[in-house]
Amino acid sequence: MLAKVLKEQQPLFYHALENACMHNRITNAYLLSGPHGTLKHEAAILFAQSIFCEKQQGIACQECNTCHRVESQEFTDMVILDGSTNAISKDDLDQIQERFSKTALESNSGHRVYIIENIENASISAQNSMLKFLEEPSSGVIAILTTDNIDRILPTIVSRCTLIPFLPLQEEYLLAQAKENGVPDTDAYFVSHLCKDITQMKDFADSSNYEKIQMMFRQYYNLAGDRDELLVDYDISYRSSEKDTSKAKKDNITILNGFFDFMLLFAHDIICNHTQGPKWYTQLIQQEIHNQTKYGELIIILQEQKDKVNRFNDLNLLMDQTFYRLEEFNHEHGM
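To keep things clear, this report deals only with the structure shown in the data block. Given the structure is predicted, the values throughout are model-derived calculations rather than measurements.

1. Side note on the side chain of Glu 120
Here comes step 1: With respect to the helices and strands, the residue Glu 120 is situated in the loop between β3 (112–117) and α6 (124–135).
Here comes step 2: Comment: no salt bridge for buried Glu 120; closest opposite-charge side chain is Arg 152, at 5.0 Å.
Here comes step 3: A polar side-chain atom of Glu 120 sits 2.7 Å from a polar atom in the side chain of Thr 147.
Here comes step 4: Among the polar contacts made by the side chain of Glu 120, one reaches the main-chain amide nitrogen of Asp 148 at a distance of 3.2 Å.

Below, the structure is given as structure tokens:
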């Protein structure tokens, strides 16, 4: 059950929820903050279920009709806005305020809940409207906000919420989820590190982007193609050549981020002498283990380059810079 998973993976959230519901200490606003894919959406739903559950006090039963309707977003006294796909406007917030200015329609407790996911993608005017809503909350109205990037939220909003941080999910759990979701064993180790969203692991494993990421890594270590030709091959074969399309830009960002994450994973495994994954990968680790101390410096280079991957930077120029730095590093260390 979801409650059990959250208790294991996000114990801080679970115990905060349990305490709030058991002792009737639910405040008017919560902010669930942490990296993408850390079960914040699932936690927000469980929170709403626990508020409305018709069978018990405390953590929701997740089995009653009300719990099922909350999960399917069909409960009248709950509204969800998803800022992960579309920006949240002031009108969106105003509509919630208008709707919740009225009394509860179904909740016996009089509670009404609105969940706003990725609140950092709300416009400044929307965040200011949210701030007013938080400063003057209507009786029984509870806000559950989630964010992948708390630094993009107005500090005044953060200060008016009960902040619950979410930690990255445990590696063993992610690996198990990758396999459970149908990712082949040969790819499960990589996918569980490159894709942190459990719901997208299988699609990611089946995507051409993942294939390109793995091919770039293998070529860099001369397992499939020549490292000296990787920069040219990236421009010709790996990156999307479509111009000025949002999908092409998103794909290219995914490919570069994935390449850096793959390289960082490999460097980490060498430093920690961690041999997991398919045979070709563990053999490569053994070949490079004598360079263990040098990979700490490589991690710094890779992380600095990865931090520059965004839609505002020229990705081709970034790749040129990356290969220049990597080749300079390899020449300096005889790698």
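Now that the structure is up, let's keep going.
2. Points about the sheet that holds strand β5 (residues 162–165)
Here comes step 1: On the basis of which strands lie adjacent, the open sheet formed by five strands has the order β2-β3-β4-β1-β5 and parallel pairing. With partners counted over all chains shown, the strands left at the sheet margins are β2 (78–82) and β5, one partner each. The sheet shows a mean angle of 15 degrees between the axes of neighbouring strands, direction not considered.
Here comes step 2: Where strand β1 (residues 29–33) lies against β5, four bridges are found, and the strand directions are parallel. Paired with Tyr 30 across the strands is Thr 162, a residue of β5.
Here comes step 3: Most of the contacts of α6 go to β3, to which it runs at about 150 degrees, and overall it touches β1, β3 and β4 (141–147).

3. So, the pairing of β2
Here is the key point about a regular strand: its side chains alternate between the two faces of the sheet.
Here comes step 1: Along β2, four of the five residues are buried, which leaves the element largely enclosed by surrounding structure.
Here comes step 2: Alignment of β2 against β3, held across five bridges, turns out to be parallel. Bridging from a neighbouring strand, Leu 81 pairs with Ile 116 of β3.

4. Brief notes about the pattern of salt bridges
Here comes step 1: Applying the stated rule across the entire model yields eight salt bridges.
Here comes step 2: Residue Lys 40 is joined to Asp 148 by a salt bridge in which the shortest nitrogen-to-oxygen separation is 2.9 Å. Taken together, the positions of Lys 40 in helix α3 (residues 40–52) and Asp 148 in the loop between β4 and α7 (155–159) put the pair 108 residues apart, joining distant regions of the chain.
Here comes step 3: Assessed through its relative accessible area of 31%, Asp 148 is described here as partly exposed.
Here comes step 4: The residue Lys 202 makes a salt bridge to Asp 206 at a minimum N-O spacing of 2.6 Å. In this pair, Lys 202 and Asp 206 are both assigned in helix α10 (residues 201–206), four residues apart and thus about one turn of the helix distant.
Here comes step 5: With a relative accessible area of 53%, Asp 206 lands in the exposed category.

5. Structural notes on helix α11 (residues 208–220)
Here comes step 1: Taking 1.5 Å as the rise per residue, α11 with 13 residues should run 18 Å; its terminal C-alpha atoms sit 18 Å apart, in good agreement.
Here comes step 2: For α11, the complete set of buried residues consists of Asn 209, Tyr 210, Ile 213, Gln 214, Met 216, Phe 217, Gln 219 and Tyr 220.
Here comes step 3: Once α11 finishes, Asn 222 follows within two positions and takes phi at roughly 60 degrees, a positive value.

Reading guide: rules and limits
- Residues numbered from 1 in each chain as written.
- Predicted model: local features only at pLDDT ≥ 70, side-chain atom pairs only at ≥ 80, totals over all residues.
- Heavy atoms only, no water.
- Helix = DSSP H or I, 4+ residues; strand = E, 2+ residues; numbered from the N terminus.
- Buried < 20%, exposed > 50% of the residue type's maximum accessible area, 1.4 Å probe, protein only.
- Lys, Arg positive; Asp, Glu negative; His and termini not counted.
- Salt bridge = Lys/Arg side-chain N within 4 Å of Asp/Glu carboxyl O.
- Polar contact = N/O pair within 3.5 Å; in protein donor to acceptor, adjacent residues only side chain to side chain.
- Pairing = 2+ DSSP bridges.
- Axes fitted to C-alpha atoms, helices over the stretch in contact; angles between N-to-C directions.
- Contact = heavy atoms within 4.5 Å.
- Expected span 1.5 Å × (residues − 1).

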